[in-house]
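Structural characterization, general
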Amino acid sequence: MIVGVPTPSTDFPNYDSLIVTVDGGERKQDLTFLVSKDHSSMIRMTKFDLSKDPFAETMSKIDVSGRPTRGIKASKVVVVNFDDFECPFCSRILKEYGDRVTFVYKDYPLAEIHPWATHAAVDANCLASQNSDAYWDFADYIHANQREVNNEKTPGARLEALDKLTMLQGQKHNVDVVKLQSCIKAQDESAVKTSMKEAERVGVEATPTLFINGEKIDGAVPVSELRAALDRALKDANLPVPNHVAAAAAAPASK
């Protein structure tokens, strides 16, 4: 942690502005604080320019080009999910909104607590470079069957298990196997790291973090909260909202 030099705040005359840099190795984040002149109080706040649409401005900073998508193509409502492969979320929401919303998955592996998440992201992107369906099948399988990887006894064996599952998905979707093997072996993390830096620029600190047309939704929030945000975005875009009563009736009873 690096504490910067206080400078007089241009917005708050009785406070100094102070930047604290938190360096976690792979992640670096600058946090701005306001410290009172008498050092009796400290504030951290987010400043919004009300002359601009903050959601649109945030969305403009997220690059979704080339990423595999789910749901309807080119919807007016785009949901970007920064997540990692050891933290599943949103499958239920996809079923309700998949016919009217575009979903995009971006990488934000929490390597400090999820040791194979970065490797899984690289493998998934190797599939995505050839076949988006292979990417999503791999993502779904890993999210639903993490135990298959975690049950391996050593870190190396877990990575080998991921590579094997990646190859199986590639063969299933008839991709260029030699190209896929080469990509897996290279383990080029540059695209994943670019995604992580982008995530930090828009305020991502944990997974999952969603942006619904730029509106940030932190963490695994209750489904009702996520529905409300999606419904707002659909209404703003003059698009129909799903019938949640019908969706609940169609859902199987929990045991």
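Residues numbered from 1 in each chain as written. Predicted model: local features only at pLDDT ≥ 70, side-chain atom pairs only at ≥ 80, totals over all residues. Heavy atoms only, no water.

Quick look at the nonpolar core now. Most often, soluble globular proteins keep nonpolar side chains buried together rather than apart. In this structure, Val-80, Phe-82, Phe-85 and Ile-142 are the most contacted members of the largest nonpolar core, which totals 36 residues. Elements represented by at least two residues in this core include exactly strand E7 (78-83), strand E8 (102-107), helix H3 (117-128), helix H4 (132-144), helix H6 (155-172), helix H7 (177-186) and helix H8 (190-201). Judged by nonpolar contacts, the second largest core, of 16 residues, contains Val-77, Val-101, Ile-212 and Leu-226. (Core = buried A, V, L, I, M, F, W, Y, C linked by side-chain atoms within 4.5 Å. Buried < 20%, exposed > 50% of the residue type's maximum accessible area, 1.4 Å probe, protein only. Helix = DSSP H or I, 4+ residues; strand = E, 2+ residues; numbered from the N terminus.)

This brings us to unusual backbone geometry. Going from Thr-207 to Pro-208, the amide bond is cis rather than trans, its omega being -10 degrees. Tracing the backbone through its elements, the reader meets Pro-208 in the loop between H8 and strand E9 (209-212). Residues other than glycine seldom take positive phi values, yet His-39 does so here, at roughly 60 degrees.

A few words on the packing of H3 against H4. In contact at an axis separation of 7 Å, H3 and H4 are set at 150 degrees when each is read in the N-to-C sense. Classified by the angle between their axes, H3 and H4 sit roughly antiparallel to one another. Where H3 abuts H4, its residues Ala-120, Asp-123, Ala-124, Asn-125, Leu-127 and Ala-128 lie against Ser-132, Ala-134, Tyr-135 and Phe-138. Here the contact of H3 with H4 is composed, by residue class, of seven nonpolar, two polar and one charged. (Axes fitted to C-alpha atoms, helices over the stretch in contact; angles between N-to-C directions. Parallel < 35°, antiparallel > 145°, perpendicular 65-115°, else oblique. Contact = heavy atoms within 4.5 Å. Nonpolar A, V, L, I, M, F, W, Y, C, P; charged D, E, K, R; others polar.)

From the geometry alone we can't say anything about function, so treat these as descriptive.
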